[in-house]
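Chain by chain, the residues run as shown.
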Amino acid sequence: MAIKFNLSMTDKNAIKNFEEWNESYVKKYSSESHYASPSFIVRYIEGKRIKEVARLINAQAADNLIELGCGEGHILEKLGQSKITGVDLSETSLKKAAERMKRAGKPARFVKANVEELPLEITGEKFNKIICSEVIEHVQRPEKVIGEISKIASPNADIVISAPNERLINRLKSVFIKLRLFSLLFPGVSLKMDDEWHLNTFSLALLKKYTEGKLKIKKVRAIPFWFCPLYYIVVFELCLCEK
């Protein structure tokens, strides 16, 4: 049975139970199920998202790069050589990410932490390349994640954040379900992810709301196409207007 998360619990118990809750869904919805999906449509879209994130972050040898919510390391694996740190709350995901990077011959440091409250090991550094892809829809307080990103970003940092366009995704799912094509085209795909693992129903407008006054938009990319934005990938820089 899935662990139910109770937002009314005390902070200490909420964090503990959130970790258990998150771990249960990591095991239920392994990211490998997307990248190796039996659906060629899902494989195409997820592959395009990863490639675009890697292209936009443009990791170089001199960069100090961090991915918050690195999962099983699928994005990190695609990056150029740089100083790499991966952060995730899931022990299962971190082990897989470490194995993936070892196989790829790319050194990386992995830290287990909640991205809403990063440890001193992370906040004691500044990073000029920051990735947070398909994470903020899973967290309790997206505004805290944005605050942590602002805290660890160097003044010239490139920050790449992506999130699903949940309402459009669900509308399209409904159409395919009514046409009785969903199970044929998307085998193994959940009918509505925001019923379970997604705590927030994201859109570009909501992402702009959470980042207002902290991060400034440089570029927006729609995946897979501009006319069908199932995911938004946004490149930000620090908003220095108040400093």
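See the structure above.
Residues numbered from 1 in each chain as written. Predicted model: local features only at pLDDT ≥ 70, side-chain atom pairs only at ≥ 80, totals over all residues. Heavy atoms only, no water.

**A look at unusual backbone geometry**
Part 1: Between I223 and the following residue, P224, the backbone shows a cis peptide bond with an omega angle of 5 degrees.
Part 2: Inspection of the secondary structure puts P224 in strand β6 (residues 215-225).
Part 3: A positive phi is found at N58, a non-glycine position, where the angle reads about 50 degrees.
Part 4: Here N58 lies in the loop between α3 (40-57) and β1 (64-68).
Part 5: Using a relative accessible area of 43% as the deciding quantity, one classes N58 as partly exposed.
Part 6: Here R180, not a glycine, exhibits a phi torsion of approximately 60 degrees, which is positive.
Part 7: Looking at where R180 falls in the secondary structure, it is placed in the loop between α8 (166-178) and α9 (182-185).
Part 8: The exposure class assigned to R180 is exposed, which follows from its relative accessible area of 76%. (Helix = DSSP H or I, 4+ residues; strand = E, 2+ residues; numbered from the N terminus. Buried < 20%, exposed > 50% of the residue type's maximum accessible area, 1.4 Å probe, protein only.)

**Brief notes about a nonpolar patch on the surface**
Part 1: The grouping of Y44, F225, W226 and F227 at the surface amounts to a nonpolar patch, some 540 Å² of accessible area in total.
Part 2: Structurally, W226 can be placed in the loop between β6 and β7 (228-238).
Part 3: For W226, a relative accessible area of 73% puts it in the exposed group. (Patch = residues over 30% accessible without salt bridge, like charges linked within 9 Å, V, L, I, M, F, W, Y side chains within 5 Å. Areas by Shrake-Rupley, 256 points an atom, 1.4 Å probe, with all protein chains shown as cover. Salt bridge = Lys/Arg side-chain N within 4 Å of Asp/Glu carboxyl O.)

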